[in-house]
Amino acid sequence: NSEVTRMQLENLGITNDICDIVYLSGPFEVDESDTDIADIINGPFFSWFSEDIRHSVVSGVRDTLRICKTNGPFDGVYGFSNGAVMAMLAASIQNDPSLQSAINSTHEVDSGRLTMLR
């Protein structure tokens, strides 16, 4: 949910007033959120991961890289929780031949939840 991410960035002093922020929503809707935010933010809530972890990782990283290529350049990538995992994987793709191979050998593309700072 981009509202959750917006609040997290505001707590860090990062707002649309000082950055051009692009929010992505995850491809997998989940039934529940963190209990700490359930009373503050209404859903829906999303995750980067489904039961098929390989598919989730490959499609999430591929989509993140595609967004960076088509909407960048970006100065940074921020992710929280699942999004932090995707941010790290996308940022370190050059050092991961196995992930590069998996991304190049499949063709599915899904949306993901990540915040990119431009």
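Residues numbered from 1 in each chain as written. Predicted model: local features only at pLDDT ≥ 70, side-chain atom pairs only at ≥ 80, totals over all residues. Heavy atoms only, no water.

Engineer: So what about the environment of Ala 87? Which residues, and what values?
Structural biologist: The residue Ala 87 is located in helix H3 (residues 82–91) in this model. Sequence separation of Ala 87 and Val 61 is 26 residues, and the distance between their C-alpha atoms is 8.0 Å. (Helix = DSSP H or I, 4+ residues; strand = E, 2+ residues; numbered from the N terminus.)

Engineer: I'd like a description of unusual backbone geometry, backed by residues and values.
Structural biologist: For the bond from Gly 72 to Pro 73, the omega torsion is 10°, close enough to zero to count as cis. One can find Pro 73 in the loop between helix H2 (53–71) and strand S4 (76–78). A positive phi angle is found at Ser 81, which is not glycine, with a value near 60°. As for its placement among the helices and strands, Ser 81 is situated in the loop between S4 and H3.

Engineer: Outline the confidence of the model for the chain, supporting the account with residue identities and numerical values.
Structural biologist: It should be kept in mind that the predicted coordinates are not to be read in detail where pLDDT is low. Per-residue pLDDT for the chain has a mean of 79; in total, 82% of the residues score no lower than 70. Averaged pLDDT values over the elements of the chain bottom out at 46 in strand S5 (residues 115–117) and peak at 88 in H3. Ignoring residues within four places in sequence, the model shows residues 107–118, a span with pLDDT below 50, making 74 contacts including any to other chains. (pLDDT = per-residue confidence, 0-100. Contact = heavy atoms within 4.5 Å.)

Engineer: Please set out helix H4 (residues 97–105) residue by residue, giving values where relevant.
Structural biologist: Every buried residue of H4 is accounted for by Leu 99, Ala 102 and Ile 103. Projected down its long axis, H4 shows its buried positions confined to an angular sector of 95°, all on one face. Exposed residues pointing more than 90 degrees away from the buried face of H4 are listed as Pro 97 and Asn 104. (Buried < 20%, exposed > 50% of the residue type's maximum accessible area, 1.4 Å probe, protein only. Arc of directions from axis to C-beta.)

Engineer: Account for the nonpolar core, naming residues and giving values.
Structural biologist: Among the nonpolar cores identified, the biggest contains 11 residues, and these are Trp 48, Val 57, Val 58, Val 61, Met 86, Leu 89, Ala 90, Ile 93, Leu 99, Ala 102 and Ile 103. Residue assignment for this core shows that the elements contributing at least two residues are H2, H3 and H4. Setting aside its immediate chain neighbours within four residues, Leu 89 contacts Val 57, Val 61 and Leu 99. (Core = buried A, V, L, I, M, F, W, Y, C linked by side-chain atoms within 4.5 Å.)

Engineer: How would you sum up H3? Please name residues and give values.
Structural biologist: All of the buried residues along H3 are Gly 83, Met 86, Ala 87, Leu 89 and Ala 90. Looking down the long axis of H3, one finds its buried residues gathered within 165° of arc, a one-sided arrangement. Each element contacted by the buried residues of H3 is listed here: H2, S4 and H4.

Engineer: Describe the packing of H2 against H4, naming the residues involved and giving the relevant values.
Structural biologist: Packing of H2 against H4 brings their axes to within 10 Å, and their N-to-C directions diverge by 85°. One way to sum up the angle between H2 and H4 is to call them roughly perpendicular. Every residue of H4 that contacts H2 at Arg 54, Val 57, Val 58, Val 61, Arg 62 and Leu 65 is listed here: Leu 99, Ala 102 and Ile 103. Residues that form the contact of H2 with H4 fall into these classes: seven nonpolar, no polar and two charged. (Axes fitted to C-alpha atoms, helices over the stretch in contact; angles between N-to-C directions. Parallel < 35°, antiparallel > 145°, perpendicular 65-115°, else oblique. Nonpolar A, V, L, I, M, F, W, Y, C, P; charged D, E, K, R; others polar.)

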